[in-house]
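Structural characterization, general
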Amino acid sequence: MFSHMIKCISKLIAIVLRLKYLARFRCLKYIKYVHQSTRLTGRVSLDFPCAISSGSILSDVSIGRYSYISSDTRMSDCEIGRYCSIGRNCYIGGLGRHPLDHFSTSPVTFSKQNYFSEKLGNIGLDIDFKERSKVVIGHDVWIGTNSMILDGITIGTGAVIGANTVVAKDVPPYAVCYGSPMQVHRYRFHPNVIEELIESDWWNLDITEIGKEARERLISLCSSNASTITTLPKY
């Protein structure tokens, strides 16, 4: 009986916290898109509608419209564009960096913030080293399950990251990357098509502006590798 009561109280607290976070964005009508077990800390910007699944932890993150985050994913100091698909159990940003050209990689010798109260002299004040750096993910990016994106990485629009990939360097737009170490295996489209897609900027249009004809022209462009699209008409 007592354990059941504790579980009910825990669920109630989780719901209240979720309401509090969403109230910050004045988007209570979108509560269905954010799972009750999601933890949002720091400065979080959600451009609804976007979705976050169970068990995910986000800190200092911005997420664009129509992007979704699958369950048990952790993200910190990260900017995500629109129409992105993030798989389960991914680690994106917030992992920290260690200097390789310093005499030691231990945070005690260079970091103002570490697990211990002591520092090795005042070394931490003398080193020009940035421990954390923002991850920038473009629009329409697909990141597979169990992937890890290190601090300071930029992933170009339209890129695909295969499952179980550790991304330690920037990824060009529309590149298909996977493996360990990560490699660019191919590009989704011909360079001319990639250029046309980026110039179209379709992800920044209101969804009502992408009508049937505009959608068919985008599909035709990608299937034929032709360079024909200039503007997207509203229908």
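Above this text sits the structure in question.
Structural notes, computed from the coordinates. Nothing here was measured: the structure is a model prediction, and the numbers come from that model.

The strand order across the open sheet formed by 7 strands is β3-β5-β7-β10-β13-β15-β16, and the pairing between neighbours is mixed. Each of the sheet's edge strands pairs with one partner strand only, and the pair in question is β3 (51–52) and β16 (183–187). Sheet topology note: the strand β10 (residues 142–143)/strand β13 (residues 160–161) ladder contains 2 bridges and is parallel. The residue of β13 that forms the bridge with Trp142 is Val160.

This part covers the nonpolar core. Counting residues in each nonpolar core, the largest one holds 32 residues, and the members touching the most others are Leu46, Ile63, Ile92, Ile137, Ile143, Ile155 and Val171. When residues of this core are traced back to their parent elements, those giving at least two are β4 (57–63), β6 (74–80), β9 (135–137) and β15 (175–178). Residues in contact with Ile92, not counting those within four places in the same chain, are Arg74, Met75, Ser76, Cys78, Ile86, Val135, Ile137, Ile143 and Ile149. Counting 10 residues, the second largest nonpolar core, distinct from the first, contains Tyr83, Trp202, Leu218 and Leu221.

Attention shifts here to the packing of aromatic side chains. According to the stated counting rule, one finds 4 aromatic pairs in the structure shown. Consider the rings of Trp202 and Trp203, whose centres lie 5.5 Å apart with planes at 65°: the pair is edge-to-face. Across the pair, Trp203 and Trp202 agree in class, each one buried. An aromatic cluster of at least three residues, connected via ring pairs, comprises Tyr66, Tyr83, Trp202 and Trp203.

Residues spaced three or four apart along an α-helix point in a common direction, a consequence of the helix completing one turn every 3.6 residues. Here helix α4 (residues 212–224) spans 18 Å end to end across 13 residues, near enough to the 18 Å set by a 1.5 Å rise per residue. Restricting attention to buried positions, one finds in α4 the residues Ala214, Leu218 and Leu221. On an axial view of α4, the arc spanned by its buried residues comes to 60°, and they lie on one face. Of the exposed residues in α4, those oriented more than 90 degrees away from the buried face are Lys212, Arg215 and Ser223. Close packing links the buried residues of α4 with α3 (191–200).

This part is about the packing of α3 against α4. The N-to-C vectors of α3 and α4 enclose an angle of 160°; their axes lie 10 Å apart at closest approach. In terms of axis orientation, α3 runs roughly antiparallel to α4. Like other packed secondary-structure pairs, α3 and α4 cross with a definite hand, here left-handed. Touching Val193, Glu196, Leu197 and Ser200 of α3 are Leu218, Leu221 and Cys222, all from α4. Here the contact of α3 with α4 is composed, by residue class, of 5 nonpolar, 1 polar and 1 charged.

This part is about the environment of Tyr83. In this fold, Tyr83 is placed in the loop between β6 and β7 (85–86). Sequence separation of Tyr83 and Arg65 is 18 residues, and the distance between their C-alpha atoms is 6.5 Å. Among all residues touching Tyr83, those that are not within four sequence positions of it are Arg65, Tyr66, Ser67, Asp140, Val141, Trp202, Trp203, Ile207 and Ile210.

Turning to α3, a few remarks are in order. All buried positions along α3 are accounted for by Val193, Ile194, Glu196, Leu197 and Ser200. Down the axis of α3, the buried set is contained in an arc of 165°. They therefore lie on one face. Away from the buried face of α3 by more than 90 degrees, exposed residues Pro191 and Glu199 are located. Tucked inside the fold, the buried residues of α3 contact β16 and α4. At the C-terminal side of α3, Asp201 shows a positive phi close to 55°.

Nonpolar side chains collect at one region of the surface, where Tyr91, Leu95, Met148 and Val166 lie side by side and expose about 280 Å² of accessible area between them. The partly exposed category is assigned to Leu95, whose relative accessible area is 34%.

What counts, and where the lines are drawn
- Residues numbered from 1 in each chain as written.
- Predicted model: local features only at pLDDT ≥ 70, side-chain atom pairs only at ≥ 80, totals over all residues.
- Heavy atoms only, no water.
- Pairing = 2+ DSSP bridges.
- Helix = DSSP H or I, 4+ residues; strand = E, 2+ residues; numbered from the N terminus.
- Core = buried A, V, L, I, M, F, W, Y, C linked by side-chain atoms within 4.5 Å.
- Buried < 20%, exposed > 50% of the residue type's maximum accessible area, 1.4 Å probe, protein only.
- Contact = heavy atoms within 4.5 Å.
- Phe/Tyr/Trp six-rings, centres within 6.5 Å; stacked < 30°, edge-to-face > 60°.
- Expected span 1.5 Å × (residues − 1).
- Arc of directions from axis to C-beta.
- Axes fitted to C-alpha atoms, helices over the stretch in contact; angles between N-to-C directions.
- Parallel < 35°, antiparallel > 145°, perpendicular 65-115°, else oblique.
- Left-handed = near helix turned anticlockwise from the far one by under 90°.
- Nonpolar A, V, L, I, M, F, W, Y, C, P; charged D, E, K, R; others polar.
- Patch = residues over 30% accessible without salt bridge, like charges linked within 9 Å, V, L, I, M, F, W, Y side chains within 5 Å.
- Areas by Shrake-Rupley, 256 points an atom, 1.4 Å probe, with all protein chains shown as cover.
- Salt bridge = Lys/Arg side-chain N within 4 Å of Asp/Glu carboxyl O.

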